[in-house]
Structures are given as structure tokens and as C-alpha cells.
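Here's the letter readout for the chains.
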Amino acid sequence: MDSSVAPVTMDNDHQNSSKDKKSYKGGWNAAIFIIFVEMAERFAFYGLAGNLITYLTNNLGEPVATAAKNVNTWIGISSIFPLFGAFIADSYLGRFKTILASSLIYFLGMVLLSLSVSVIPMHSRKAVFFTALYILSIGEGGHKPCVQTFAADQFDENNPEEKAAKSSFFNWWYLGIVTGASVAIVVVIYLQDNVSWTAGFGVLAGSLAVALALFLIGIKRYRKQRPTGSPFTTMAQVFVAAAKKWRVRETRGGRGICYADDRGGSQVQRQTRGPNLVRTKQFRFLDKAVIIDNKDVLSKTKNPWRLCSLNQVEEVKLVLRLIPIWFGCLMFCAVITQLHTFFTKQGSTMLRSIGPNFQVPPAALQSLVGLTILIAVPIYDRVFVPIARKITGHPSGITMLQRIGIGLFVSILNMVVAGLVETARVNTARKHGLLDTPKAVVPMSVWWLLPQYVLIGIGDVFTIVGLQELFYDQMPEEMRSLGAAAYISIVGIGSFINTAIISVVQVVTSRHGNVWLGDNLNRAHLNYFYWVLAGLSAINLCVYMWIANGFVYKKVENDETSEGKELEMEDYLEVKV
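Criteria and thresholds
- Residues numbered from 1 in each chain as written.
- Predicted model: local features only at pLDDT ≥ 70, side-chain atom pairs only at ≥ 80, totals over all residues.
- Heavy atoms only, no water.
- Salt bridge = Lys/Arg side-chain N within 4 Å of Asp/Glu carboxyl O.
- Helix = DSSP H or I, 4+ residues; strand = E, 2+ residues; numbered from the N terminus.
- Buried < 20%, exposed > 50% of the residue type's maximum accessible area, 1.4 Å probe, protein only.
- Core = buried A, V, L, I, M, F, W, Y, C linked by side-chain atoms within 4.5 Å.
- Contact = heavy atoms within 4.5 Å.
- Expected span 1.5 Å × (residues − 1).
- Polar contact = N/O pair within 3.5 Å; in protein donor to acceptor, adjacent residues only side chain to side chain.
- pLDDT = per-residue confidence, 0-100.
- Phe/Tyr/Trp six-rings, centres within 6.5 Å; stacked < 30°, edge-to-face > 60°.
- Lys NZ or Arg CZ within 6 Å of the ring centre and 35° of its normal.
- Axes fitted to C-alpha atoms, helices over the stretch in contact; angles between N-to-C directions.
- Parallel < 35°, antiparallel > 145°, perpendicular 65-115°, else oblique.
- Left-handed = near helix turned anticlockwise from the far one by under 90°.
- Nonpolar A, V, L, I, M, F, W, Y, C, P; charged D, E, K, R; others polar.

Colleague: For this particular structure, what's the right way to read the pattern of salt bridges?
Modeller: Any two side chains of opposite charge can pair, given that their charged atoms come close. One pass over the structure, following the stated rule, counts 17 salt bridges. One salt bridge in this structure joins Glu41 and Arg42, with 2.7 Å as the shortest N-O distance. The closest approach of N and O atoms between Lys126 and Glu62, which form a salt bridge, is 3.3 Å. Of this pair, Lys126 sits in helix H6 (residues 122-152) while Glu62 sits in the loop between helix H3 (52-58) and helix H4 (64-93), and the two are 64 residues apart along the sequence. Accessibility expressed as a relative area gives 39% for Lys126, which makes it partly exposed. Judged by its relative accessible area of 7%, Glu62 falls in the buried class.

Listed below in C-alpha cells is the structure:
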């Protein structure tokens, strides 16, 4: 058997002898350290991303459209790198070592970023600044897909007390993320706008240093999982085995179906890597991989590149079913990237005073998203779900795909509202003769932007949380780190799509001499851009509904069916003997 895909296991004697030794490990005593690490990382990320467009335009002198594309590109790459980080963690380093290495890289990147806005000479500042940004992206790649899974690993699902604590952990985890992001948006962005960029980035670097120290303090408390092997190898085996048997049929040339999932042990004594999955009719071409032919019967050992178990094939099907959903949510993420770019630039042109001496930093309005989420999540859980459960009879009130679809609709509404508010802002500027004075403050309160920030928060509660649940629940158990990375990558590709849309809009509108996304927002047509996004999102929602209508959720076999198939597999093994 291929050892690269076999999980590390321990025999019962070893487990019993080490039970007392490991009893002090894990649980809340370990998880609390990891929560602080994630809070610091979110604090640093949002403290940088939330106001990045302001630094690019005001300090580096980039045009608004170029700065928006640079922000989108950086967020996109930071969200795609977790795919590589998850692969490295699952295949080689393990989650603990990956988190440790990525946290160190992230800290060094933030230190370099702080130096780039202070001591680095002006002629080299831009190059060093962008180098530091993408060093941070590398750190994000290792951190994001591993830290939540590693924290959840600290709770043993076989222990009733820890299993109950694990459910509570996810609530505190989410609260920690929102708290870290919200504090960064309010405090750090204020320092950046009113003290200095060096002070703002210095605080971010200091928080990462403290978090890294806390993570190392808890090193003896952690339960560490060894790498389980590359999930890509398992998937590749199914495709190769199916290709080799493309002429074989179950009724002609076949000797039965392989049910034994022995990827973690011997061929005779199966080790369960997850629940037994029901055979489905989708992607039938992959079913060739489970057919036992004469070569398999005559072979002394099972060749994993020629014969795969039914469970293994169905796990690959689970992954394939999620791919269309992945594509169907890209426009949603293209919409929410406006939060870090054009929403902030809108706010910078409006009245932001609270009292005689305080000006609200335009990027600080992003804290409204976190506040909305903190309010909306309990309402969703305690009010919406019970009401929906009575109507639909579904345990969760609505399905995961329905939840995601509601969020997609909210994103359309968000862009329509944002376009209407921008139209009102431009009309106000026209009324007061400010169209050709881009740096003048338009006499319109920044709180007119409140609805679009609130709608982003509501959309996140439905779509983002729904995607997290879907990509965790529907992925094979040993591929859940990859599932987390795949979900995160939707944000990255969505950012790239938004960048592409900006480029297309710029090219098309410049031909007619009236650029929609010019530096002077009073003369630009940002409202038209928002409505284009609303139209594209509406088309995307229709496609998503068509995809969701054909989606098949994961189904697990009952015990009686499993016992019958085990007896059938025993007959196959007797023939080989």
C-alpha cells in the first residue's frame, strides 16, 4: 500500500499507556492560546486591509482604480495561498509546525512593512512595501487553513465533556475573530489617520509578537496531529483506477465491488477513516474504480492505483459536487471586496464629524459589519431558525444551500442600495457646485452609507457562514483542512474577478471619454459600477439556483447495509486466498 496516504495510527496498548500522560493536554487550557493567536492575526489583517487603499492613494500616489486593483490582488493572493498551506500541513509538516512557521513569517512581514513606511528611503519605499505585503500573504497561507482546525483538535470528540465544550468553542472562536477585526478597524485605523502609519503598523507588529509568544507558552498543552498524507494522492488514485478500467462493467468482466476501505491499514482488517457513504448515481464514470476484475482477484496485494473502495470513490464525488457551488459564490465575494476599496473612498468624501473635534476615519465604518454580525448571528440562531424549522421541518430551519442563496440575494440588494446612495451623494455635490473639487467635503452625512455596511454583514451571516458549514460538513473528514482552504479561496478568486471587472469597465468607458472609476469620484460614475455588479450578481444567482437544484448532499449508510457489504467483501477476500 502507498504509505503516503495512510494516516498515522496507534495500537490500543500504546493508547492506554499514554492516556494518563496526555490527560493534561488539550481542552480549553490549550485552545485559549490558539484563540488569542487568531485574534491577533485578524487584528493585524484588518488593521492593514481596512485602510490599505488610503495609504496607496494618499501616500504612494496611486490612482483610485489602480489602488483598488492592488488591494483586490493582495487580498486574492492571500486567500489562495491557504490551498498550498493546507497541502503542506496535511502532507508534510502537520498543523502545529505550519502555524508556528507561518506566524513567524507573518510577524517578519509586518516588521518589514513598518520599516517601509518609516526608515526606508522614499525611492525604495514602494518596492519594499509591496514585498512586505506579499510576505504577509505567505504567512496567511499557512495560518488560515490550519489554526481553526488545530484549535478544534484540542477537544476530543470521544470524551462527552470535551465534545460539549467543542460546541461552545466555535462560538467563542467566532466572537474572537470579530472582536479582533473590530478593534483593529476602530483603534489602528485611527492611529494611521491621526498619528502616523508607522505607529499604526508598529502596533500590528507588536500584537503579532505577543501572540507568537503566547502560542509558544502553550506548547506543552497542545494535542498535535501528525500529517495524514496528501489528499490529492487519494483523489488521483480514483481517476487513474477508473481510467484503467474504462472498458470493464459490473455485469461483464467484473467480479464484484470493492467495499473495504483499507487506506489506513491492511487489506483484510479495514480501518474506518470516516462514515460509510451511500453509493450515488452522479459521476458514474468514477464507479469503474471500484469494480473488481480478474487482475485484482489474481493479485496478491491490492493495487490502490487500480482498485479503490466505494467509500474512496464517493469521497471524490463529494469534492466534485462542491466545485460548482464554489464557482457559484465567486460574484458574492467580488461584491464584498468593495468594503475595503470604494466604500472607504466614498466615506472619505462625506461629512464624518462627531462633535466639534472628532472625525470618524472612513475605514472605521467597516466595524459596522462586525457589529451587524454580532447582532445578526444570535437573531438568526434564536429567532429565524426556530420559526423556519416549524415551517420547513428541517433541523436547521433551512438547508445550507438555501442559506447561501439568501446571502447571494442580499448582495444584489446591497449593490442596488449602494448605487442609490452614491447617486444621492453625486447629486448633492452637483447641487453645491463641488463636481470639480474632488478634495472638498460633500455636505452629506457619512451615515448614509450605513445600509450598505449592514447589508454586507447580513450577507456574511447567510453566505459566508453557510459556506463554512457546507465545506466542513460535505468534505471527507480527512480533507477538511483542504475544504477550509477551498472556502477561503472563494474570497481570493472573487477579488481577482472584481479586479477584472474594474479593468474591463475602465477600458470600455475610457473609449467614450467618460471613465466611470476616475480619481474624482464626484465626476466618476461609481453608481453605474455598483449597478453593473448588481446585474452580474443577479445572473450569478440564477446560475447558482440551477446548480443548487441538482446538488446531492452526503448520505451515510446505516449499520445493516454496512454489515451486508462487509460480508460481500469477505467473500471476495476468500476467493483471493
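Colleague: Would you mind showing me how to read the nonpolar core here?
Modeller: Nonpolar side chains tend to gather and get buried jointly when the protein is soluble and globular. Within the largest apolar cluster, 83 residues are counted, with the highest numbers of intra-cluster contacts made by Leu48, Met110, Leu113, Phe129, Phe342 and Phe529. Beyond its immediate stretch of four places on either side in the chain, Met110 contacts Ala44, Leu136, Phe201, Leu204, Ala205 and Leu208. Core analysis: the second largest hydrophobic core is formed by 46 residues, Ile291, Val313, Leu470 and Ile490 among them.

Colleague: Help me out: how do you make sense of helix H15 (residues 400-431) in this one?
Modeller: Quick reminder: α-helices carry 3.6 residues per turn. Residues three or four places apart thus point the same way. Compared with an ideal rise of 1.5 Å per residue, which puts 32 residues at 46 Å, H15 spans 47 Å between its outermost C-alpha atoms and is within 8% of the ideal. Positive phi appears at Gly433, one or two residues downstream of H15, with a value of about 65°.

Colleague: How do you make sense of the environment of Ala363 when you look at a structure like this?
Modeller: Tracing the chain through its elements places Ala363 in the loop between strand S3 (358-359) and helix H14 (367-392). Residue classification places Ala363 among the buried residues on the basis of a relative accessible area of 0%. Taking the C-alpha atoms as reference points, Ala363 and Gly347, separated by 16 residues in sequence, lie 7.7 Å from one another. Among all residues touching Ala363, those that are not within four sequence positions of it are Gly50, Asn51, Ile185, Ile189 and Thr344.

Colleague: I tried to follow the side chain of Glu38 on my own but got confused; where do I start?
Modeller: Summarising the element assignment, Glu38 is placed in helix H2 (residues 28-49). Under the relative-accessibility criterion, Glu38 is labelled buried at 8%. Among the polar contacts made by the side chain of Glu38, one reaches the side chain of His143 at a distance of 2.8 Å. Residues in contact with Glu38, not counting those within four places in the same chain, are His143, Val147, Trp173 and Ile177.

Colleague: Quick question: what am I supposed to make of the confidence of the model for the chain here?
Modeller: Should the pLDDT be low somewhere, the predicted coordinates at that spot are not to be read in detail. Within the chain, residue pLDDT values average 82, and 87% of them lie at 70 or more. When mean pLDDT is taken per element in the chain, helix H18 (residues 526-549) scores highest with 95 and helix H1 (residues 12-22) scores lowest with 44. Low pLDDT, under 50, characterises residues 1-22; the predicted model gives this stretch 31 contacts beyond four residues in sequence or across chains. Segment residues 559-577 is flagged for pLDDT under 50; beyond a separation of four residues in sequence, or across chains, it makes 26 contacts in the model.

Colleague: Teacher, can you tell me more about the packing of aromatic side chains here?
Modeller: Going through the model one piece at a time under the given rule, you end up with 30 aromatic pairs. Relative to Phe285, the ring of Phe283 has its centre 6.5 Å away and its plane inclined at 85°; by these criteria the two rings are edge-to-face. By relative accessible area, which is 29% here, Phe283 ends up partly exposed. Overall, Phe285 belongs to the partly exposed group, its relative accessible area being 47%. One aromatic cluster is present, built from ring pairs that chain together Tyr55, Phe129, Phe130, Trp197 and Phe201. Above the face of the Phe45 ring, Lys144 is positioned so that its terminal group lies 5.0 Å from the ring centre. For the cation-ring pair, Lys224 lies above Phe96, with the distance from its terminal atom to the ring centre recorded as 4.3 Å.

Colleague: Just checking my understanding: could you explain the packing of H14 against helix H16 (residues 450-473) for this structure?
Modeller: Each packed pair of helices is defined by two parameters, the angle between the axes and the distance between the axes. Running from N to C, H14 and H16 cross one another at 45°; their axes reach a closest spacing of 8 Å. Between H14 and H16, the angle falls in the class oblique. Considering only the axes of H14 and H16, their crossing is right-handed. Of H16, the residues touching H14 (which contributes Leu368, Val369, Thr372, Ile373, Ala376, Val377, Tyr380 and Phe384) are Leu450, Tyr453, Val454, Ile456, Gly457, Ile458, Asp460, Val461 and Phe462. Looking at the contact of H14 with H16 residue by residue, the class counts come to 14 nonpolar, 2 polar and 1 charged.

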